[in-house]
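# Close look at the chain arrangement
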Amino acid sequence: MRTFKPSKLSIALLSCGFMVSSGGLYAQEAVKATQEPDKVVEKNNAEQEIDAVEVIEVTGFRRSLIKSINQKRFADTVSEQITADDLGALPDVSMADALTRLPGISAVRTGGQAAEINIRGMSGGFVSTTLNGREQVSTSGQRSVEFDQYPSELISQASVFKSPKVSLIEGGVAGTVELKTASPLKNEEQHSFNVNARGMYNDLASDVPDATSTGHRFSVSYQGKFADDTFGVALGYARLFQPTATTQFVGLNYSKLRDVDGLADDTNGPTKEEGIHLAKEYVGEGFELQHKGGEETRDGFVATLEWQPVENFTLKFDSFYSKFDSEEFARGYRVKFDGSQAAIGNATIIDNSVVGGTFNRTSNSSTRVEVVNDDNSDSDEVQSFGLNADWQITDNFNMAVDLSYSSATSDFRNGLIWSLVADDANAAIPEFDNNVSINYLLNGLDLPDVSLNQADALTDLNRVMVTKYGIYPYVNSDEVIAARVDFEYTLDTDYISSVEVGARYSEREYSNDRSVFEFGSDSGFNSKEMPLKITDDMATVVDWKGDFSAYPSYLSLDQDKVLNAWFPEGVPQPVQTWGSTASGVINGDPLGKDTAWTMKESGQVFEDIFAAYVMANIDMEIGSVPVTGNFGVRVVRTKQASTSLQDVGETTVKDAYGQDAVDEDGNVIVRANSELGAQFITDDAGLVNQKYAPGIITNTYTDYLPQMNVNFHITPDDQIRFAAAKVMSRPNIDRLASNSSVNIAPVTTDSGTYAEISGNAKNSPNLKPFYANQYDLSYERYFTDSDGNFVFALFYKDIESAGIVTQTISEYDFEGNGLIVPDEYIDPLSGVPLEIRNGNFETAFNDDKGGYIKGLEVSYTQVFSFLPDFWSGLGLTTSYSHTKSEIQQISQLGQQDLPISLPGLSENVLQTTLFWSYQGFETRISARYRDEFVSEQVAVEAQTVNYDDELVIDYQASYQVTENLGMVFQVNNLTDEPTKSYFGVQSQTGTIQYFGRQFFLGMTYAL
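Predicted model, so just to flag it, every value in this text is computed and none were measured.

### Side note on the overall build of the chain
- The number of helices and strands found in the chain is 8 helices and 57 strands.
- A burial count over the chain gives 56% of its 1007 residues as buried.
- Surface accessibility of the chain: about 41,100 Å² in total, with carbon and sulfur atoms responsible for 52%.

Written as structure tokens, this is what we have:
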């Protein structure tokens, strides 16, 4: 029930602004929202003026477009809006698709679907997202939420705040996305009921063996008002069952340096090893050719209860739940060059990189072709609950209290099966076929030429054997609880309409758990963990089709049958374990493995935030120009901490004479260094390690964020906005983990032996936020004679720090930086105490190489209602954004140091929708274009690459059969636009992925 006390000028602006729109209904709502008992005369006069205007009934896309324009027009910040009608009518599988239709917003496609959004050239990590004004957490350990978790059918409104105000939760240097669910007491109808059902078909599935081609979307929602409109209920359910299909080539990073061309006096090679030009070339790790397919199932629920027992008090409870499950397989082969040791002939070298040639396995290399059969599963859940009380205590004084909880969990299981070629799989002791020859040539952003001497053997059950199984779960959980209180006091002045103050406190906890099980080898045959003979019932021969048809066929394996045959007593499950050979384990098997990374990379991050703000809302005139807006400051105190495991070494056991005790074999007996906090830490496999001290590392800082928005209403149809603000974005929550590795080891030199401390911490709880000072200036024109607007905007962001980098510090003061250093180190071989010296420490920190991001945005929307009847439903909405930045970063990928632009930045982004409606029929075509940008691709590991430009086109047609029943047909990715990427230069191919077209046919029913 929060209201403000408008001046006569404000009421006139609202009235005039809404009168020029054919959606006259919204004007009445706006006036009612601003009325006060002592302003009845002004309110009635405004309503009489509106009633005198003919109100034209507008439905469908046009109605939602008008509503969005009006919301943008009267917003007090630089923002973009999407309304419920808009979301329900367009072919949007998720909120990511819907948001990319707004100016300056683009998406990164994952599996062909928009998932992460970029705003004004900045990646998802700089985007803050709230649901009903509450912070949302992520299933991925990032700050950016997975928008594909949010069904568009369940969201009633979306706003993108490009300029902030201090009452918004901090966190978005790029911008803040605000999602809202329905408020039933504000629903126009007493009761409303909607059903949406659509069948789905993917036309690439026929090219991918075992891929599912059909799916469906279904949603149902209800809103009702009861007890004389004092109690409202909103319920919604949306289900998505979506097939996925991909054919892809993936190039792997350039991980080796080698003199391939053999040129004398070659000084043109990479600059490595203290700035010396090496007579070497970059050699890639290899490549993958794969079919991918799977099924995604998403179930989403919303529920809202709203109670308004008296006019000045509202109590509202809302909840959101989404469960997203995916099953994905990847079949094909991975070629590993081992370029540092392989014999390389006929090399093609471009820009000092080997992009083609013949690689032959040698006695020293592990050059090979792996037949890969991966089965991945991912189960994600997102929950959000909130309770809000809004009390208009007096005509001038309002208080709102909000309690919220948001959580996200993710259980991703990466299960891999590798197979290699044997000389004879039927032999009593099979031997690996060492005759491996790989011939290839990259063709830039086109598919490469590939020839394998083992091509025929890849489908031969008498040659191919399963040699390794590995499963690598990633289990994340993230939750935040928060409480906030806001006050607003309305003033009767000619300058400030009201003053707002408020505070918010939140506690966030993130945990990451890693585990593993591995058996066998992917580079050869392991005599202790023997390979498995493949039988007919386990395998299917797969041929490539279409543009990939020239590539060699391979064996697709049934993972369940393979594992049941290889482990007849039950398939071992992954565990979080030190591994029996890890340093410090006191009860391990010396023939086992070291998997201590599962313990070190697991842990928790804690983030406690207290924020307070004060803001004044402007309502005044400068000369004859009305001016509205706000200004204020937000103060934020952040405390972040993470758990840590620190290697503090071991200490010797003393005998009765004070000497080092020895065992029966004469070895010095060591024990846990309890004086430095070492504990006996038992893993899930029962292995006990005595070298590590658990602890918590903390960091606290305070920020002051002044912000201002000023809107000049030059005429009833024209306005100029100016905004200035200091903004911040915290590092991704998983980057605050303290999964550092600090080790102490003996070092022998000519002058003697000593113990050296070394370590690395690619994440750190000492990382600080990214800061920017930003400025926005825009001109907005709203058309009087028709529905539409024109907006021209300029923006400038001065980024203080744009990334996180790692740097190796020599002779690092470990003890001085809070790390535990033992008084002595006992040589495990000699039992002699050694002097301890500081060594190298590789650590993560905020870079100091900031810079500007600047650009312009132009948007134009026009409904040509002035045209003759048949064409009056024709309309166009289009936007263009141009963004530039001086920020250059260095991406360390393999042996290459690639200069890259700011991740997520496309210099040019264009969105266009052309639509037409007539007597119940509506059709529209939408195009989204973005030029090249930098982001991550996932192969064996994450790789930062340059993505080529892309143009994605969607089409939809619908017909309203009756007042309640409608039919809809749509096509997503109409031209089957692929995703293509490269490593710095296009000759170094990254990915070439095809996802197919998605066809939908369905119906909508509304009461």
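### What about the side chain of Asp402?
- As for its placement among the helices and strands, Asp402 is situated in strand S20 (residues 397-421).
- Residue Asp402 is classed as buried on the basis of its relative accessible area of 7%.
- Here Asn388 takes part through its side chain, which lies 3.1 Å from a polar atom of the side chain of Asp402.
- Filtering out sequence-adjacent residues up to four positions away, Asp402 remains in contact with Arg134, Leu387, Asn388, Ala482, Ala483 and Arg484.

### Considerations on a negative patch on the surface
- Residues Asp210, Asp536, Asp537, Asp558 and Asp560 make up a contiguous surface patch of negative charge.
- Relative to the assigned elements, Asp558 resides in the loop between strand S28 (554-557) and helix H7 (559-566).
- Assessed through its relative accessible area of 32%, Asp558 is described here as partly exposed.

### A word on unusual backbone geometry
- Of note in this structure, Arg120 is not a glycine but carries a positive phi near 50 degrees.
- Summarising the element assignment, Arg120 is placed in the loop between strand S3 (113-119) and strand S4 (127-131).
- Within the chain, Asp210 stands out as a residue other than glycine whose phi angle is a positive 75 degrees.

### Here's the deal with the pattern of salt bridges
- Here the structure, examined in full by the defined rule, presents 40 salt bridges.
- A salt bridge links Arg730 to Glu170; the shortest N-O distance between them is 3.2 Å. With a gap of 560 residues between them, Arg730 in the loop between strand S36 (718-729) and strand S37 (741-749) and Glu170 in the loop between strand S6 (157-161) and strand S7 (175-180) connect regions that are remote in the sequence.
- Judged by relative accessible area, which is 6%, Arg730 ranks as buried.

### With respect to the sheet that holds S7
- Taken together, 5 strands build an open sheet; the order of strands is S1-S6-S7-S4-S5 and the sheet is mixed. Each having just a single partner strand, strand S1 (79-83) and strand S5 (134-135) make up the two edges of the open sheet.
- In terms of strand pairing, S4 meets S7 through 5 bridges, oriented parallel. When the bridges of S7 are listed, Val127 appears paired with Gly175.

### Some thoughts on the environment of Asp433
- Relative to the assigned elements, Asp433 resides in the loop between S20 and strand S21 (437-443).
- It is 9.4 Å that separates the C-alpha atoms of Asp433 and Arg368, two residues lying 65 residues apart in sequence.
- Apart from residues lying up to four places away in sequence, Asp433 is in contact with Val421, Ala422, Asp423, Gln454 and Arg463.
- A distance of 3.2 Å separates a polar atom in the side chain of Asp433 from a polar atom in the side chain of Gln454.

### Here we look at the pairing of strand S53 (residues 950-960)
- Bridge count for strand S50 (residues 921-930) against S53 is 10 bridges, and the pairing is antiparallel. Among the inter-strand pairings, Arg924 is bridged to a residue of S53, identified as Gln956.
- As paired strands, S53 and strand S54 (residues 965-972) are joined by 6 bridges and run antiparallel to one another. Counterpart to Ser958 in the pairing with S54 is Val968.

### A few points about the packing of aromatic side chains
- What the rule picks out here adds up to 40 aromatic pairs.
- Centroid distance Phe519 to Trp566: 5.1 Å. Interplanar angle 90 degrees. Geometry classified as edge-to-face. Of this pair, Phe519 sits in strand S25 (residues 517-520) while Trp566 sits in helix H7, and the two are 47 residues apart along the sequence. Assigned by exposure class, Phe519 and Trp566 land together as buried.
- Feature note: the residues Tyr333, Trp544, Phe548, Tyr551, Tyr554 and Tyr994 constitute an aromatic cluster, connected by ring pairs.
- Above the plane of the ring of Tyr771 lies Lys726, whose end atom (NZ or CZ) is 5.3 Å from the centre.

### A short note on H7
- Inspection of H7 places Gln559, Val562, Leu563 and Trp566 among the buried residues, and these make up the whole buried set. All buried residues of H7 lie within an arc of 90 degrees about the axis, which places them on one face of the element.
- Check the buried side of H7 and you find it contacts strand S19 (368-392), S20, strand S23 (464-490), S25, strand S26 (532-533) and S28.
- Between a side-chain oxygen at the N-terminus of H7 and the backbone nitrogen of Asp560 the separation is 3.1 Å; the capping residue is Asp558.

### Some points on the nonpolar core
- In this structure, Leu289 and Tyr333 are the most contacted members of the largest nonpolar core, which totals 66 residues.
- When residues in this core are grouped by element, the largest group, 4 residues, is from S23.
- In this structure Leu289 touches Gln248, Phe249, Arg331, Gly332, Tyr333, Val450, Trp544, Phe548 and Tyr551, once residues within four positions along its chain are discounted.
- In this structure, Ile105, Val145, Leu179 and Val302 belong to the second largest nonpolar core, which totals 43 residues.

### Points about the confidence of the model for the chain
- Here the chain shows a mean pLDDT of 85. Residues at 70 or above account for 90%.
- Taken together, the stretch residues 1-57 has pLDDT below 50 and engages in 93 contacts with residues farther than four places along the chain or on a different chain.
- The model gives residues 86-91 a pLDDT under 50, and that stretch makes 27 contacts with residues more than four places away or in other chains.

### Section: the environment of Asp931
- Inspection of the secondary structure assignment puts Asp931 in the loop between S50 and strand S51 (933-938).
- Separated by 21 residues in the primary sequence, Asp931 and Leu910 have C-alpha atoms spaced 9.2 Å apart.
- Sequence-distant contacts of Asp931, defined by excluding residues within four places in its chain, comprise Ser906, Glu907, Asn908 and Asp949.
- Looking at Asp931, its side chain comes within polar contact range of the main-chain nitrogen of Glu907, at 2.9 Å.
- Within polar-contact distance, the side chain of Asp931 engages the side chain of Asn908 at 2.9 Å.

### Describing a nonpolar patch on the surface
- On the surface, a cluster of nonpolar side chains totalling about 650 Å² of accessible area is made up of Phe226, Phe231, Leu305, Trp307, Phe317, Leu387, Val401 and Leu403.
- Among the secondary structure elements, those contributing two or more residues to the nonpolar patch are strand S15 (286-310) and S20.
- With respect to the helices, strands and loops of the structure, Phe317 is situated in strand S16 (residues 313-336).

### Here we look at the side chain of Asn202
- Turning to its location among the elements, Asn202 is positioned in strand S8 (residues 191-202).
- A polar contact is formed between the side chain of Asn202 and the backbone nitrogen of Leu204, at a distance of 2.8 Å.
- When neighbours within four sequence positions are excluded, Asn202 is seen to be in contact with Ser213, Pro243, Ala245, Phe995, Gly996, Arg997 and Gln998.

### Re the environment of Leu99
- Positionally, Leu99 belongs in helix H6 (residues 95-99).
- Leu99 gets classed as buried once you look at its relative accessible area, which sits at 0%.
- In this structure, the C-alpha to C-alpha distance between Leu99 and Ser152, residues 53 residues apart in sequence, is 10.0 Å.
- Look past the residues within four positions of Leu99 in its chain and what remains in contact with it is Ile82, Ile105, Ile117, Phe147, Ala158, Val160 and Val177.

Rules used throughout
- Residues numbered from 1 in each chain as written.
- Predicted model: local features only at pLDDT ≥ 70, side-chain atom pairs only at ≥ 80, totals over all residues.
- Heavy atoms only, no water.
- Helix = DSSP H or I, 4+ residues; strand = E, 2+ residues; numbered from the N terminus.
- Buried < 20%, exposed > 50% of the residue type's maximum accessible area, 1.4 Å probe, protein only.
- Areas by Shrake-Rupley, 256 points an atom, 1.4 Å probe, with all protein chains shown as cover.
- Polar contact = N/O pair within 3.5 Å; in protein donor to acceptor, adjacent residues only side chain to side chain.
- Contact = heavy atoms within 4.5 Å.
- Patch = residues over 30% accessible without salt bridge, like charges linked within 9 Å, V, L, I, M, F, W, Y side chains within 5 Å.
- Salt bridge = Lys/Arg side-chain N within 4 Å of Asp/Glu carboxyl O.
- Lys, Arg positive; Asp, Glu negative; His and termini not counted.
- Charge placed at Lys NZ, Arg CZ, Asp CG, Glu CD.
- Pairing = 2+ DSSP bridges.
- Phe/Tyr/Trp six-rings, centres within 6.5 Å; stacked < 30°, edge-to-face > 60°.
- Lys NZ or Arg CZ within 6 Å of the ring centre and 35° of its normal.
- Arc of directions from axis to C-beta.
- Core = buried A, V, L, I, M, F, W, Y, C linked by side-chain atoms within 4.5 Å.
- pLDDT = per-residue confidence, 0-100.

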